[in-house]
Amino acid sequence: MRKVGLSTIAALSIAIVAVSASAPLIAFAAAPALAIAFWRNAIGAAVLAPAALTRRRVQLRDLLRPGAGRRTLTVTVLSGVCLAVHFGTWVPSAKLTSVAMSVALVSTAPVWTALVAAARGIRVPAGAWTGIGIAVAGVALATGADPDLSSRALLGDALALTGGIASAAYTLLGERARASLATTVYASLCYSVCAALLLAACLVAGAELWGYDGRTVLAIAAMTLGPQLLGHTLINYALHRVSATTIAVLLLLEVPVALVIAWLLLGQLPAARTLPGIAVLLAGVAVVMLAGRRRQPTNGGTIISPEAIGTT
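Rules used throughout
- Residues numbered from 1 in each chain as written.
- Predicted model: local features only at pLDDT ≥ 70, side-chain atom pairs only at ≥ 80, totals over all residues.
- Heavy atoms only, no water.
- Helix = DSSP H or I, 4+ residues; strand = E, 2+ residues; numbered from the N terminus.
- Buried < 20%, exposed > 50% of the residue type's maximum accessible area, 1.4 Å probe, protein only.
- Contact = heavy atoms within 4.5 Å.
- Areas by Shrake-Rupley, 256 points an atom, 1.4 Å probe, with all protein chains shown as cover.
- Salt bridge = Lys/Arg side-chain N within 4 Å of Asp/Glu carboxyl O.
- Patch = residues over 30% accessible without salt bridge, like charges linked within 9 Å, V, L, I, M, F, W, Y side chains within 5 Å.
- Core = buried A, V, L, I, M, F, W, Y, C linked by side-chain atoms within 4.5 Å.
- Disulfide = S-S within 2.5 Å.
- Expected span 1.5 Å × (residues − 1).
- Polar contact = N/O pair within 3.5 Å; in protein donor to acceptor, adjacent residues only side chain to side chain.
- Axes fitted to C-alpha atoms, helices over the stretch in contact; angles between N-to-C directions.
- Parallel < 35°, antiparallel > 145°, perpendicular 65-115°, else oblique.
- Left-handed = near helix turned anticlockwise from the far one by under 90°.
- Nonpolar A, V, L, I, M, F, W, Y, C, P; charged D, E, K, R; others polar.
- pLDDT = per-residue confidence, 0-100.

### Observations concerning the overall build of the protein chain
Item 1. Assigned secondary structure in the protein chain consists of 14 helices and 0 strands.
Item 2. Tracing the protein chain from N to C terminus, the helices and strands come up as α-α-α-α-α-α-α-α-α-α-α-α-α-α.
Item 3. A burial count over the protein chain gives 53% of its 312 residues as buried.
Item 4. The long-range fraction of contacts in the protein chain, counting pairs at least 24 apart against all pairs at least 6 apart in sequence, stands at 87%.
Item 5. With the model as given, the accessible surface of the protein chain reaches about 13600 Å², and the carbon-plus-sulfur share is 68%.

### Structural notes on the pattern of salt bridges
Item 1. Here the structure, examined in full by the defined rule, presents 1 salt bridge.
Item 2. The residue Asp 62 makes a salt bridge to Arg 65 at a minimum N-O spacing of 3.1 Å.

### Side note on a nonpolar patch on the surface
Item 1. Judged by side-chain polarity, Val 77, Val 81, Val 85 and Leu 197 come together as a nonpolar surface patch covering roughly 250 Å² of accessible area.
Item 2. When residues in the nonpolar patch are grouped by element, the largest group, 3 residues, is from helix 5 (residues 68-96).
Item 3. Among the structural elements, Val 81 can be located in helix 5.

### Section: the nonpolar core
Item 1. One finds Ile 36, Trp 90, Val 91 and Ile 278 to be the most contacted residues of the largest nonpolar core, which totals 77 residues.
Item 2. Discounting residues that sit within four places of it in the chain, Val 91 has contacts with Ile 26, Ala 33, Ile 36, Ala 37 and His 86.
Item 3. The next biggest cluster of nonpolar side chains, apart from the first, holds 11 residues, and it includes Ala 11, Val 19, Leu 234 and Ala 238.

### With respect to the state of the cysteines
Covalent bonding between the sulfur atoms of two cysteines defines a disulfide.
Item 1. For the structure shown, the criterion picks out 0 disulfides.
Item 2. Cys 82 takes part in no disulfide bond, and the closest cysteine sulfur, belonging to Cys 190, lies 8.7 Å away.
Item 3. By relative accessible area, Cys 82 is classed as buried at 16%.

### Thoughts on helix 3 (residues 33-55)
Think of an α-helix as turning once every 3.6 residues; residues three or four places apart then point the same way.
Item 1. If you check helix 3, its first and last C-alpha atoms are 34 Å apart, about what 23 residues at 1.5 Å a residue would give, namely 33 Å.
Item 2. Those residues of helix 3 not exposed but buried are Ala 33, Ala 35, Ile 36, Ala 37, Phe 38, Arg 40, Asn 41, Ala 42, Gly 44, Ala 45, Leu 48 and Ala 52.
Item 3. Among the structural elements, helix 2 (22-28), helix 4 (57-62), helix 5, helix 10 (183-205) and helix 11 (214-238) are those in contact with the buried residues of helix 3.

### Overview of the environment of Leu 53
Item 1. Tracing the backbone through its elements, the reader meets Leu 53 in helix 3.
Item 2. Overall, the relative accessible area of 52% leaves Leu 53 in the exposed class.
Item 3. Through-space distance from the C-alpha of Leu 53 to that of Thr 184 is 9.1 Å; in sequence the pair is 131 residues apart.

### Describing the side chain of His 86
Item 1. Relative to the elements of secondary structure, His 86 occurs in helix 5.
Item 2. A distance of 2.9 Å separates a polar atom in the side chain of His 86 from the backbone oxygen of Gly 163.

### So, the packing of helix 3 against helix 5
Item 1. Look at helix 3 against helix 5: their axes get within 8 Å of each other, and the N-to-C directions meet at 130°. Taken together, the axes of helix 3 and helix 5 are oblique relative to one another. Of the two elements, helix 3 crosses helix 5, and the hand of that crossing is right-handed. Counted together, Ala 33, Leu 34, Ile 36, Ala 37, Arg 40 and Asn 41 of helix 3 and Leu 83, Phe 87, Gly 88, Trp 90, Val 91, Pro 92 and Lys 95 of helix 5 form the full contact between these two elements.
Item 2. Residues that form the contact of helix 3 with helix 5 fall into these classes: 9 nonpolar, 2 polar and 2 charged.

### Comments concerning the confidence of the model for the protein chain
Item 1. For the protein chain, per-residue confidence averages 87 on the pLDDT scale, and residues scoring 70 or more make up 90% of the total.
Item 2. For the protein chain, helix 12 (residues 244-250) is the element with the lowest average pLDDT, namely 75, and helix 2 is the one with the highest, namely 96.
Item 3. Counted against residues more than four places away or in other chains, residues 295-308, with its pLDDT under 50, gives 45 contacts.

Quick look at the structure:
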């Protein structure tokens, strides 16, 4: 592992701010949630596709061959489906509940990943079970202390949790696909499948896909450039120098940073009584990630796959 220098620290700092801006920008944009999710993935795929088509043509052709190639393609498509479910549930949650609750609940993805591993018969460390218990207690404490118990807020909380579950599935499938695919190939295919499904959802729901005001267009562009492209790129840069587990834990700072951005952009602050529960929840998620870390190359996977970090 290379020495962590100022460039790596700067990259991680920018990445954390970039992914943290996602939920506040979603709440800020005056566009249907499904349309926001569609456009950020469609634009992201369009940006990455040329590099995959020009530099990874052989790898793309291999995906169409019978055997391992088609199996990898199937896993990639399924990963895109899970990413669509993630965005299709989490993005609406940011408009229904507070930014802090939405980001905190979707951050439970490592907890669900550990539970899936246990269901598959994979031994889960005792520390991870402790972390799961802490996280569940944090969710109960935060939601129970939330004075906004309207059906709208509760639906937002439920959608954020669903987004976390879908993110865990996306992580597990992405680890398998990324074992043999370059980042540009995997990401462009995954984003394309995700965008196609979200487009279908927009058409079924009758969500308007254009005609937005200038500030909404800028918000969607900022979401695509920031969390979707800049955040992921800088995280991948840092993964060559810092372990994936360390980065995943650092990215839990997304919650307080998102809270500050929501305050500055929207004048939105969560009820003070919910903050202890959110803190307990994040502590539990951190314990799960640290308990489940594995000794392997920096750019390999942990409970959170490097390619799935920062899916918000």
